[in-house]
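The chain contents come next:
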Amino acid sequence: MPPRGVKKGTKRARQYEHIKRSERRAGRSESRAEEIAARTVNKERARAGESRTRSKTSTQDISSGRRGGLRSGTRRTKGRTVEQLYAEARRMNVPGRSTMNKAQLERAVDGRKSRRGS
């Protein structure tokens, strides 16, 4: 049975049945297949503006590129990327850069810059 607000015979009802069938074929249980199908249909309805309210999972399920900062509440840039930091660390000959995570790279690069500037 499709989620609440989806009428039988509509595009979303067909989408629900299709997803449910494919999930069952993939080996999911009946209840899990229904849950996945309902969540996907609700998410698509929310994205398309077909539902009055967003589904609870719509902001969590979409990729960050399509979400556009909805979860964080801001669209501003979040600083340098790992790739940018690594390239900068490489130019500065920071030792051990290949094993560092983003925070460590940032500290190392900023530390080198502050030492250079003084």
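The following refers to the structure shown. Note that the structure is a prediction, hence the values are computed from the model and not measured.

Turning next to the overall build of the chain. Within the chain, the regular secondary structure consists of 6 helices and 0 strands. Mapped from its N terminus to its C terminus, the chain presents α and β elements in the order α-α-α-α-α-α. In the chain, the share of contacts with a sequence separation of at least 24, taken over all contacts with a separation of at least 6, comes to 25%. When the accessible area of the chain is evaluated, it comes to approximately 8700 Å², of which 47% is carbon and sulfur surface.

Quick look at the packing of helix 1 (residues 11-25) against helix 2 (residues 30-48) now. Helix 2 packs onto helix 1 with a crossing angle of 145° between their chain directions and a minimal axis gap of 8 Å. With respect to the hand of their crossing, helix 1 and helix 2 are arranged in right-handed fashion. When helix 1 is examined against helix 2, the residues R12, Q15, Y16, I19, K20, E23 and R24 are found in contact with a partner set consisting of E30, A33, E34, I36, A37, A38, T40, V41, E44, R45 and A48. Class assignment of the residues belonging to the contact of helix 1 with helix 2 gives a composition of 8 nonpolar, 2 polar and 8 charged.

Within the secondary structure, R45 is located in helix 2. Spatially, the C-alpha atom of R45 lies 8.0 Å from that of R12, the residues being 33 residues apart in sequence.

What follows concerns the environment of G5. Looking at the secondary structure, you find G5 in the segment before helix 1. What makes G5 exposed here is its relative accessible area of 57%. A C-alpha to C-alpha distance of 9.3 Å links G5 and N42, two positions 37 residues apart in sequence.

The end-to-end C-alpha separation of helix 1 is 21 Å, in line with the 21 Å expected for 15 residues at 1.5 Å each. Of all the residues in helix 1, the buried ones are R12, A13, Y16, I19, K20 and E23. The arc that holds the buried residues of helix 1, viewed along the axis, is 130°, so those residues lie on one side. Residues of helix 1 that are exposed and point over 90 degrees away from its buried face: K11, R14 and R25. Buried residues along helix 1 sit in contact with helix 2. At the exit of helix 1 stands G27, carrying a positive phi of roughly 100°.

With 8 residues, the main nonpolar core is built from V6, A13, Y16, I19, I36, A37, A38 and V41. When contributions to this core are tallied by element, the ones reaching two or more residues are helix 1 and helix 2. Among the elements that line this core, the one with the most residues is helix 2, at 4 residues.

A few words on the pattern of salt bridges. In the structure shown here, the tally under the stated rule is 9 salt bridges. Among the ionic pairs, E30 bridges to K20, the shortest N-O distance being 3.1 Å. Of this pair, E30 sits in helix 2 while K20 sits in helix 1, and the two are 10 residues apart along the sequence. When its relative accessible area of 13% is taken as the criterion, K20 is described as buried.

Conventions adopted
Residues numbered from 1 in each chain as written. Predicted model: local features only at pLDDT ≥ 70, side-chain atom pairs only at ≥ 80, totals over all residues. Heavy atoms only, no water. Helix = DSSP H or I, 4+ residues; strand = E, 2+ residues; numbered from the N terminus. Contact = heavy atoms within 4.5 Å. Areas by Shrake-Rupley, 256 points an atom, 1.4 Å probe, with all protein chains shown as cover. Axes fitted to C-alpha atoms, helices over the stretch in contact; angles between N-to-C directions. Left-handed = near helix turned anticlockwise from the far one by under 90°. Nonpolar A, V, L, I, M, F, W, Y, C, P; charged D, E, K, R; others polar. Buried < 20%, exposed > 50% of the residue type's maximum accessible area, 1.4 Å probe, protein only. Expected span 1.5 Å × (residues − 1). Arc of directions from axis to C-beta. Core = buried A, V, L, I, M, F, W, Y, C linked by side-chain atoms within 4.5 Å. Salt bridge = Lys/Arg side-chain N within 4 Å of Asp/Glu carboxyl O.

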